[in-house]
Amino acid sequence: MAIRKIITLENDMLRKISKPVTKFDESLWDLLDDMKDTLIKSTGVGLAAIQVAVLKRIFVISVNNTYFEVINPKITFMSGTQTGQEGCLSIPGKQCKVTRPNKVTVEFYDRFGNPMTLTATDFMARAICHENDHLDGILYIDHVKPKN
Ligand code: CO
């Protein structure tokens with residue numbers, strides 16, 4: 001297990017589309033273990049693989065003493081809206097108000113390749129949407145409307 005370097009906004013890689021995980025093997029588990037260490041050390045809420053320069057559809061989330069690993073996610077349901085402050089480990093020191101769905105259901109795989117479904121609300125739903133966006137090269141600042 002190791003801490004990996006988190007890439008930041010000036011790195012164009014953050015804009016790339018991540019690729020699905022096809023092998024649920026030891027190299028995946030090493031990556032997931034490193035992502036956990038990196039997230040906990042950074043005291044963040046979530047971390048996508050692309051933020052440690054790995055183009056795979058993976059993110060990890062740590063909210064309210066709940067930690068989980070999400071591989072090849074698909075958001076299958078969204079409802080409501082919520083608006084709140086959001087930040088990103090790849091955009092250090094900044095926060096902005098972002099509107100997100102208030103409730104989401106996500107289908108994904110665990111580290112062993114087992115299919116999972118999770119329904120989340122409030123802050124957890126926000127975190128899932130934020131991390132899921134990273135897999136498509138989208139950053140929270142893209143949702144912030146410019147003030148005219
Ligand atoms: Co982020």
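Being a predicted model, the structure only gives us computed values, none of them experimental.

**Points about the overall build of the protein chain**
Alright, step 1. The helix and strand tally for the protein chain stands at 2 helices and 7 strands.
Alright, step 2. Helices and strands in the protein chain line up, N terminus first, as α-β-β-β-β-β-β-β-α.
Alright, step 3. Taking the principal axes of the C-alpha coordinates as reference, the protein chain spans close to 50 × 30 × 30 Å.
Alright, step 4. Sorting the 148 residues of the protein chain into buried and exposed places 45% on the buried side.
Alright, step 5. A sequence separation of at least 24 residues applies to 65% of the contacts in the protein chain between residues at least 6 apart.

**Side note on the coordination of the cobalt ion**
Alright, step 1. Here the cobalt ion is held by Cys88 (SG), His130 (NE2) and His134 (NE2), and the distances to it run 2.1 to 2.2 Å.
Alright, step 2. Between consecutive donor residues of the cobalt ion, the sequence gaps follow C-x41-H-x3-H. A residue pair is termed long-range when its members are at least 10 positions apart, and cysteine 88 in strand E4 (residues 82-88) and histidine 130 in helix H2 (residues 122-134) qualify at 42 residues.

**A look at helix H1 (residues 26-42)**
Alright, step 1. Here H1 is 17 residues long and its end C-alpha atoms lie 24 Å apart, about the 24 Å a rise of 1.5 Å per residue gives.
Alright, step 2. Where H1 is concerned, the buried positions are Leu28, Leu31, Leu32, Asp34, Met35, Asp37, Thr38 and Leu39.
Alright, step 3. Elements that come into contact with the buried residues of H1 comprise strand E1 (46-48), strand E2 (58-63) and strand E3 (66-79).
Alright, step 4. One or two residues past the end of H1 sits threonine 43, with phi positive at roughly 55°.

**Quick look at the packing of aromatic side chains**
Alright, step 1. Tallying each qualifying case throughout the model produces 2 aromatic pairs.
Alright, step 2. Pairing phenylalanine 24 with tyrosine 109 gives two aromatic rings, centres 6.1 Å apart and planes at 55°, and the pair type is tilted. Highlighted residues: phenylalanine 24 in the segment before H1 and tyrosine 109 in strand E6 (residues 103-109), separated in sequence by 85 residues.
Alright, step 3. Given the relative accessible area of 26%, phenylalanine 24 is considered partly exposed.
Alright, step 4. Exposure remark for tyrosine 109: the relative accessible area of 34% places this residue in the partly exposed category.
Alright, step 5. Its guanidinium or amino end placed over the ring of tyrosine 67, lysine 36 lies 4.8 Å from that ring's centre, counting from NZ or CZ.

**A closer look at the environment of proline 20**
Alright, step 1. Structurally, proline 20 is set in the segment before H1.
Alright, step 2. Looking at proline 20, the relative accessible area reads 53%, which means it is exposed.
Alright, step 3. For the pair proline 20 and asparagine 72, spaced 52 residues apart in sequence, the C-alpha to C-alpha distance is 5.7 Å.
Alright, step 4. Excluding residues within four positions of it along the chain, proline 20 makes contact with Arg57 and Asn72.

**A few points about the environment of lysine 23**
Alright, step 1. For lysine 23, the location among the structural elements is in the segment before H1.
Alright, step 2. As a C-alpha pair, lysine 23 and phenylalanine 112 span 89 residues in sequence and 9.3 Å in three-dimensional space.

Basis of the calculations
- Residues numbered from 1 in each chain as written.
- Predicted model: local features only at pLDDT ≥ 70, side-chain atom pairs only at ≥ 80, totals over all residues.
- Heavy atoms only, no water.
- Helix = DSSP H or I, 4+ residues; strand = E, 2+ residues; numbered from the N terminus.
- Buried < 20%, exposed > 50% of the residue type's maximum accessible area, 1.4 Å probe, protein only.
- Contact = heavy atoms within 4.5 Å.
- Donors = N, O, S within 2.8 Å, 3.2 Å for Na, K, Ca; no water.
- Expected span 1.5 Å × (residues − 1).
- Phe/Tyr/Trp six-rings, centres within 6.5 Å; stacked < 30°, edge-to-face > 60°.
- Lys NZ or Arg CZ within 6 Å of the ring centre and 35° of its normal.

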